[in-house]
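Coordinate inspection notes
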Amino acid sequence: MLEFQDIRKTRRRDGKSLGILDGLTLRPAPNRITAVVGPSGCGKTTLIRLANRLEEPDAGRILLGGRDVRAFEPQELRRRVGLVGQLPFMFPGTVLDNLGKSFVLRRVSPPSAESELIRELLDICQLPNDLLTQDARRLSPGQQQRVSLARTLAAAPEVLLLDEPTSALDRPTADRLTATLREVARQRGLTVLMVTHDLRLAERCAERLAYLNEGRVLEEGETSDVLRNPRHESLRHFLREPADGENHP
């Protein structure tokens, strides 16, 4: 469904060209969660921003269903490839207003508070029903993070991009949410690409794991295999000292 082919990306910093991604190739598994881990500055967040064209690669192609993402209208692409950022943005209004935003943008009547869709989204994202009438911008960071996820899922994307999706959640809530996401991915045929520094989260949540460093995917495979039998010394070092990866680009 989603494929990165020989992606290259540089940035200008202090008057110099800095390589971020250098020939990266990756195909996240359909109907499953793929986690991307790696040290600070390796390009994890840049990678998922490229997938729905919040940024553009310098070279290479990104395909959605075999079609170059540049062939899609931006609004259509971002509905089909939804991104939940680490610092969620809340639109003015209530939680229900936020959950209906993708419908409003498509000029479709948003679902009511009593609709099956809204109930399902609240259950998936572990949000109480009485939150619907509250001002979204006055919620806690963890609640906003879950509302942002629910709002993205409301658009029925084919690909879900997650940037540190549980950074504002306590551990039990994070574990329950990610377990639910695995079921949602299977049931809805959803491709999930998650970037995280949290190795415990990646091990519990993701069926596949990609290790990103030096601008490329150096290791990829079933999560348990990659974590238990790392081939590259840089991955072995990262697993010994995961604090090296706690910040992201």
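Notes on the structure follow. This structure is a prediction, so every number in the text was calculated from the model and none was measured.

1. Examining the pairing of strand 9 (residues 208-213)
Most of strand 9 is tucked away: 6 of the 6 residues are buried. Here strand 9 shows two buried faces, one formed by Arg208, Ala210 and Leu212 and the other by Leu209, Tyr211 and Asn213. For strand 9 and strand 10 (residues 216-222), the ladder comprises 6 bridges, and the chain directions are antiparallel. If you follow tyrosine 211 over to strand 10, its bridge partner there is glutamate 219. Linking strand 9 to strand 10, which pair antiparallel, is a turn of 2 residues; within it glutamate 214 sits at a positive phi near 55°.

2. As for the sheet that holds strand 2 (residues 16-26)
Here we have 4 strands laid out as an open sheet, ordered 2-1-4-5, and antiparallel in their pairing. One side of each edge strand has no neighbouring strand; the edge strands of this open sheet are strand 2 and strand 5 (67-68). The pairing of strand 1 (residues 2-13) with strand 2 spans 8 bridges and is classified as antiparallel. Counted as the bridge partner of isoleucine 7 is leucine 24 from strand 2.

3. Considering helix 6 (residues 141-154)
Taking 1.5 Å of rise per residue, the 14 residues of helix 6 would be expected to cover 20 Å, and the 20 Å separating its terminal C-alpha atoms lies within 8% of that figure. Listed as buried for helix 6 are Gly142, Gln144, Gln145, Arg146, Val147, Ser148, Leu149, Ala150, Arg151, Thr152, Leu153 and Ala154. Directly after helix 6, the chain includes alanine 156, whose backbone phi takes a positive value near 55°.

4. Notes on the pattern of salt bridges
A side chain of one charge can pair with a side chain of the opposite charge when the charged atoms of the two come close. Per the counting criterion, the structure on display carries 22 salt bridges. Across the salt bridge formed by aspartate 22 and arginine 8, the nearest N and O atoms sit 2.5 Å from each other. With aspartate 22 in strand 2 and arginine 8 in strand 1, this pair connects stretches of sequence that are 14 residues apart. Residue aspartate 22 is classed as partly exposed on the basis of its relative accessible area, which comes to 37%.

Basis of the calculations
Residues numbered from 1 in each chain as written. Predicted model: local features only at pLDDT ≥ 70, side-chain atom pairs only at ≥ 80, totals over all residues. Heavy atoms only, no water. Buried < 20%, exposed > 50% of the residue type's maximum accessible area, 1.4 Å probe, protein only. Helix = DSSP H or I, 4+ residues; strand = E, 2+ residues; numbered from the N terminus. Pairing = 2+ DSSP bridges. Expected span 1.5 Å × (residues − 1). Salt bridge = Lys/Arg side-chain N within 4 Å of Asp/Glu carboxyl O.

By themselves, these figures tell us nothing about what the structure is for.
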